[in-house]
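Next come the chains, spelled out residue by residue.
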Amino acid sequence: MVKIGRKAKSGAGIPPLLLADEVEVSRKRIMRSQPRVHTSRMIAACRVALALALLVPAAVNLASNNPAPPPAVAALVVYLAFSTGLLVIAWRNWWLDHHLRRIAFTIDVLFTLLLLLYWLEGTRFGGSGPFLAFFIFLLVCANLLWRLRGLAITALLMITAYIAVGVVIDAGAAHWQSVWYGQRLIFMIVISVFLSWFLQQPVRPVPAQLVWPQGASTADKIAAVQSFIRQHIRCSAVAAAWTPDQEPWVYVAEPGTTGLQTALLGPEAMDLQERPPAPILFDRQRQRGMQLDDDGSLIPIRHLPACCLADCLAQPVGICMPVNSRAGQGSFLITGVTGLTGNHLHIAAALAEEIAYAMDRDHAATVQREAEVEQVRQATARDLHDSVVQSLAGASFQLEALRQRALAGQPMADALANVQQALMREGQLVESLIHQLRKSEDASQPHTAMMDIGTALAGTADHWGVTAEFEMEEDIGDLPPKIALELHHLLREAVSNAVRHGKADKVEVTLRMDGGVLQMDFTDNGTGFVSGDNAALPRSVLGRMRAIQGTLQLSSRPGHTRLSMRLPIG
């Protein structure tokens, strides 16, 4: 029999003690260098420096035989003042600096054309250096502000304007200095093409992300890595030697005439410890090579370090690329590289980082999947214990009672009917468990505490033949599906333990909310634990509490045992 009721909430509850796991994840992988100086500030500072570099000599040479025109000097002073103002704005007002960048760039272009080219260059003051310096400055600024398109438009505009202004300057000359202008024009074109290419190169190569299907074998992973390397480096072959973590054998894959040839070698056949610490470009015939310094600089070497894969395959020229990860270690040999240069080492270093990270990512995913499988296994074991095993134990308990009634000659019709109903309820619970294992419970379905917990307690009490009372201090409302399911199993386990081990015939359950934490107190009148309050907590109950980050407290004495369970439901 179950008595259900509510009473007003009174008193403060026990402060919640929640269990939390802190996971710290670090990824040692930097593919792009972050700028250390604000772009606008650097542009403004260089503009001031160039203006000063022109103004100081012009001011010093005012008293010389070939002074700069006074209007040109005055224009330089104005331009210096303008540049200084932009420098102050760039340091103090990023909003105004952003909106003035087009105006500033336009003034830079006009100043370069009109002042340097017409006034200064027209009088042959300063030579071609100042003009080319400002020309390069404009191209770099255009690339920083508008990337390749801005750089190309600026270069085309300046070259066209240079030709036009040059024709105007020498229109009245007896002999047009075509060689002089043509030479400078070639300089401008070469500088434009070079900067267009150079400024678009990344600080470090950034390879694509390496992925392979979930659960891929070692052979599939190595094949994916070899294809990944060929996508970024034009080469004829990529050989691989890989040792998985905690495995003694070495997996070797080498391209052959009939496709990829693979083999498993023992540790005595190939020692992967004999390999360079970083990618190395080698020429075994000439005994020379090249490697990257810690700061990314290329360093020529005369004495080649050992490279087990290159030695095993007897390759004369190529790139040896070591890879280290948590999943294992290996070496990749890249041969037949088209246009082999030291720059390929930068690409190889970036590829090695991505390959190692992909291996680590796959290893972490594998560990996570194994942990999830273990959680499912443990949860299934708990559910089977708290449902099927307890149902069979309860049926055995009731059948023993019927046997005693039969021996005493007492009527059993009503008792048999009660047993039949209890077994039917237990069968429905087992079917519900099977449904939960086959398909996740719909989280949108509400679970009312009064209906769900009260019904579960009533069925379990009838099954074990005990009296149960259920009280809820306030209207808790709907419970999350996972919490409702765990409470259901916790109640069944607690009632079963109280009857089987404590010989209890009465249990009480109280529910209340305490600041986002649901507290359920389970009390029985059994014999209690032998060790009292220091008794070991029931394994099944403790496991369920940990699974939902709950806490459990036990107090026990003869005739009164209490389990206090606190469950976060936020």
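Since the structure is predicted, the reported quantities are computational estimates derived from the model, not experimental observations.

Here we look at the overall build of the chain
Secondary structure assignment for the chain yields 12 helices and 16 strands. Taking all 570 residues of the chain together, 39% fall into the buried category. Accessible area for the chain stands at about 31,700 Å²; split by element, carbon and sulfur atoms hold 58% of it.

Observations regarding the pairing of strand β7 (residues 298-301)
The two faces of a sheet get side chains in turn, since along a regular strand they alternate between them. Pairing of strand β6 (residues 288-292) with β7, which is carried by 4 bridges, proceeds in the antiparallel orientation. Directly across from Met290, in β7, lies its bridge partner Pro300. Connecting β6 to the next strand, β7, in antiparallel fashion are 5 residues, including Gly296 with a positive phi near 90°.

Things to note about the state of the cysteines
Per the counting criterion, the structure on display carries 0 disulfides. We note that Cys141 lacks a disulfide partner, and the nearest cysteine sulfur, in Cys46, lies 7.5 Å from it. Judged by its relative accessible area of 3%, Cys141 falls in the buried class.

Describing a nonpolar patch on the surface
On the surface, Leu52, Val56 and Val60 cluster together to form a nonpolar patch covering roughly 270 Å² of accessible area. The residue Leu52 is located in helix α1 (residues 39-60) in this model. Judged by relative accessible area, which is 38%, Leu52 ranks as partly exposed.

Some words on the nonpolar core
Counting residues in hydrophobic clusters, the biggest one holds 35 residues, and the most contacted among them are Leu487, Leu518, Phe522 and Met565. Going through the elements one at a time, α10 (449-464), β11 (467-472), α11 (481-500), β13 (506-513), β14 (517-524), α12 (539-547), β15 (551-557) and β16 (560-568) are the ones with two or more residues in this core. With 9 residues, the top contributor of residues to this core is α11. Among residues more than four places away in sequence, those in contact with Leu518 are Ile476, Leu479, Ile483, Leu487, Leu511, Arg512, Met513, Met565, Arg566, Leu567 and Ile569.

Points about the confidence of the model for the chain
Mean pLDDT for the chain: 76, with 77% of residues reaching 70 or above. Confidence drops under a pLDDT of 50 for residues 4-37, and excluding neighbours within four residues, the segment shows 50 contacts in the predicted structure.

Side note on the pattern of salt bridges
Applying the stated criterion to the full structure yields 8 salt bridges. Where Glu508 meets Lys506, a salt bridge forms, and the shortest distance between an N and an O atom there is 3.8 Å. The class of Glu508 is partly exposed, set by a relative accessible area of 33%. Salt-bridge contacts for Arg562 lead to Asp521; the nearest nitrogen and oxygen are separated by 2.9 Å. Taken together, the positions of Arg562 in strand β16 and Asp521 in strand β14 put the pair 41 residues apart, joining distant regions of the chain. When its relative accessible area of 31% is taken as the criterion, Arg562 is described as partly exposed.

About the thresholds
- Residues numbered from 1 in each chain as written.
- Predicted model: local features only at pLDDT ≥ 70, side-chain atom pairs only at ≥ 80, totals over all residues.
- Heavy atoms only, no water.
- Helix = DSSP H or I, 4+ residues; strand = E, 2+ residues; numbered from the N terminus.
- Buried < 20%, exposed > 50% of the residue type's maximum accessible area, 1.4 Å probe, protein only.
- Areas by Shrake-Rupley, 256 points an atom, 1.4 Å probe, with all protein chains shown as cover.
- Pairing = 2+ DSSP bridges.
- Disulfide = S-S within 2.5 Å.
- Patch = residues over 30% accessible without salt bridge, like charges linked within 9 Å, V, L, I, M, F, W, Y side chains within 5 Å.
- Salt bridge = Lys/Arg side-chain N within 4 Å of Asp/Glu carboxyl O.
- Core = buried A, V, L, I, M, F, W, Y, C linked by side-chain atoms within 4.5 Å.
- Contact = heavy atoms within 4.5 Å.
- pLDDT = per-residue confidence, 0-100.

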